[in-house]
Amino acid sequence: MPPQPPLQQPTIFGLPLKYVSLLTLALQNAALSIVMHYSRVSIHPDLAYSPATAVLLNELLKGGISFVIAFLRSPLLSQPSNVYPLTRRRPLYSLPALWWAAFSDVCGEIFSADAWKLSIPAILYVIQNSLQFVAISNLPVATFQVTYQMKILTTAAFSVAMLRKTLTGTKWLALFFLAIGVGIVQLQTATGSGHRSTPAPTSSNLVGSAQEFHHHMSPLKGFGAVTAACFTSGLAGVYFEMVLKGSKADLWVRNVQLSLFSLIPALLPILYSAPSAADSHGFLKDLFRHFGGWAWATVSIQVFGGLVTAIVIKYSDNILKGFATSLSIVLSFLASVVLFDFEITPAFLIGASTVLSATWMYNQPS
Ligand code: C5P
C-alpha cells in the first residue's frame, strides 16, 4: 500500500493554525482576567455596568461574526456553479442572487434538525460566563486564574465519562497535583496574605486604584463561583467537542447555533431585573447604563476568546486548551504584580509552580 500523504493542517500566515490558536488563547486568557477584573473593581459598585448586558453582547457579537465567516466560506460563493449543479457550463449570476443563495444555504444549515444539540452547551456557557463575573469581582486576578485551572480536572472527568477517553496513571497523578496546587493558592488567599498591607495607588501605577475597592471582595463567594464555573466549563467544553467531532457540520455554523441558543438564557436576567417604568430611561439606555470603555474592552476580549476557543477545540482538543490557559497564569500573574500591586508570597509561588508542573506533566505524551 503506498504511504498516505500527511493530513493537510490549516495554516495562518504560514504557521500551523493549531499552535497559533493555542498561543493566542493563552494571551487572550491573560488579557481577559486583567481587563475584566479591572473593569469591575476599579469602579464604585453604584457605577458598575451590568454583567448581564456583557454576557448578551458577547453572544450577539460572537454569533454575528460566526455567521459572517460561515457565509463567506459558503461553497456557493467560491464555486458559483454549485448553485445549479445540473448546469453544464459555468453560468453568470448576478451578485445579489449569488449572495441570496449562499445566505439561504447557511440559514438552512443553521436551522438543521440537529441544531438542538447545541442548546445544552449554550445554556452551560451562559451560566459559566455569568459566574465568571462573580468570581473575578471577588478574587484577585492571579488567584482566580490558578483556581480556574480546576477545570482541567472537570474536563478530564467529563472526557472520560462522555468521550470514553482513557487516562494513564501519570495523567491522574498530574490531576492530583493540580488539585493540591490549587488548594495551596486558595489557602493563602483565604488568609489574605496575597496583598500588601497598605495599598497605595501611585501615579506611576496606572491601575493602582483597583486596590481601593478590594474591601468589597468576598473570597468565599468568589471560590464558590469559580468552582461552579469549572463544572460548567468541563461539561460544556466536552459536550461541544462531542457535537463538533461527531458530525460534519461546519464549525462556524455550530458557533452560530451555540450563540442563538445562548440568547434566551442571556436575555432572561435582563428582562427579570429590568427597572420599573418610573425608573426606566428606555430599554437600550438601561441596558448600556455605565457601559464604558473598560466594559467594551472586556466584551471584545471575550468575543475574541470565544472564537479562538472554538478553533482550539476543533483543531486541538480540550486537553491542549488546558495547557494554553496554564501558560496564561504565568502571564497574568506577572502582570498582576506590576498592575495590581500583587505580592509574590512563597505559598503562592509553591501553589502556582505545582499547578504549572502538573499541567506540564498532564500534557506529556503517554
Ligand atoms: O473556560 P473555558 O475554556 O471553558 O471557556 C470557554 C469560553 O469560550 C466560554 O466563555 C464560552 O462562551 C466560549 N466558547 C464560545 N464558543 C465555543 C466554545 C466556547 O464562545 N464554540
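Going by an unreviewed UniProt entry, the protein chain carries the name Nucleotide-sugar transporter-domain-containing protein and comes from Crepidotus variabilis. Taken directly from UniProt, the Subcellular location (unreviewed entry) text for the protein chain runs: "Membrane".

Throughout the structure, instances matching the rule amount to five salt bridges. Across the salt bridge formed by Asp114 and Arg254, the nearest N and O atoms sit 2.8 Å from each other. Of this pair, Asp114 sits in the loop between α4 (95–110) and α5 (119–138) while Arg254 sits in helix α10 (residues 251–272), and the two are 140 residues apart along the sequence. A salt bridge links Glu241 to Lys165, with the nearest nitrogen and oxygen atoms 3.5 Å apart. Of the two residues, Glu241 sits in helix α9 (residues 219–245) while Lys165 sits in the loop between α7 (150–162) and α8 (169–190), which places them 76 residues apart along the sequence. Residues joined by salt bridges that share partners form a network here, namely Lys165, Glu241 and Lys245.

Along the chain, Gln128 falls in helix α5. When its relative accessible area of 7% is taken as the criterion, Gln128 is described as buried. A distance of 2.8 Å separates the side chain of Gln128 from the side chain of Tyr148, its partner in a polar contact. Once residues within four sequence positions are removed from consideration, Gln128 is found in contact with Tyr148, Ala229, Thr232 and Ser233.

Taken together, the side chains of Leu61, Ile65, Leu267, Leu271, Phe283, Leu284, Phe288 and Trp296 define a hydrophobic patch exposed on the protein surface, amounting to about 720 Å² of accessible area. Secondary structure elements with two or more residues in the nonpolar patch: α2 (51–72), α10 and α11 (283–287). The residue Trp296 is located in helix α12 (residues 293–315) in this model. A residue is classified by how much of its surface remains accessible, and Trp296, at 38% relative accessible area, is partly exposed.

Near the ligand you find 14 residues, and of these Lys62, Asn129, Lys151, Ser233 and Lys321 are the closest. Between the ligand and Asn255 there is a distance of 2.9 Å, counted from a nitrogen atom to a side-chain nitrogen or oxygen. In the model, an oxygen atom of the ligand is placed 2.6 Å from a nitrogen or oxygen of the Lys321 side chain. In isolation the ligand exposes 470 Å². Once the protein is present, 91% of that is buried. When contributions to the shell around the ligand are tallied by element, the ones reaching two or more residues are α5, α9, α10 and α12. Its residues assigned to classes, the shell around the ligand shows five nonpolar, six polar and three charged.

Turning to α10, a few remarks are in order. Taking 1.5 Å as the rise per residue, α10 with 22 residues should run 32 Å; its terminal C-alpha atoms sit 33 Å apart, in good agreement. The largest bend along α10 measures about 30 degrees and falls at Ser262, with the proline Pro265 one to four residues further on. Between the side-chain oxygen at the start of α10 and the backbone nitrogen of Trp252 there is a gap of 3.1 Å, and the oxygen is on Asp250.

Mapped onto this structure's residue numbering, the UniProt feature "transmembrane region" (unreviewed entry) falls at residues 12–35, 172–189, 223–244, 256–274, 294–313 and 320–340. Between the C-alpha atoms that bound residues 256–274 there is a distance of 27 Å. The span itself is 89% helix and 0% strand.

Conventions used here
- Residues numbered from 1 in each chain as written.
- Predicted model: local features only at pLDDT ≥ 70, side-chain atom pairs only at ≥ 80, totals over all residues.
- Heavy atoms only, no water.
- UniProt positions renumbered as here; feature names shortened; annotations may be inferred.
- Salt bridge = Lys/Arg side-chain N within 4 Å of Asp/Glu carboxyl O.
- Helix = DSSP H or I, 4+ residues; strand = E, 2+ residues; numbered from the N terminus.
- Buried < 20%, exposed > 50% of the residue type's maximum accessible area, 1.4 Å probe, protein only.
- Polar contact = N/O pair within 3.5 Å; in protein donor to acceptor, adjacent residues only side chain to side chain.
- Contact = heavy atoms within 4.5 Å.
- Patch = residues over 30% accessible without salt bridge, like charges linked within 9 Å, V, L, I, M, F, W, Y side chains within 5 Å.
- Areas by Shrake-Rupley, 256 points an atom, 1.4 Å probe, with all protein chains shown as cover.
- Near = heavy atom within 4 Å.
- Nonpolar A, V, L, I, M, F, W, Y, C, P; charged D, E, K, R; others polar.
- Expected span 1.5 Å × (residues − 1).
- Bend = angle between axes of the 7 residues up to and from the residue.

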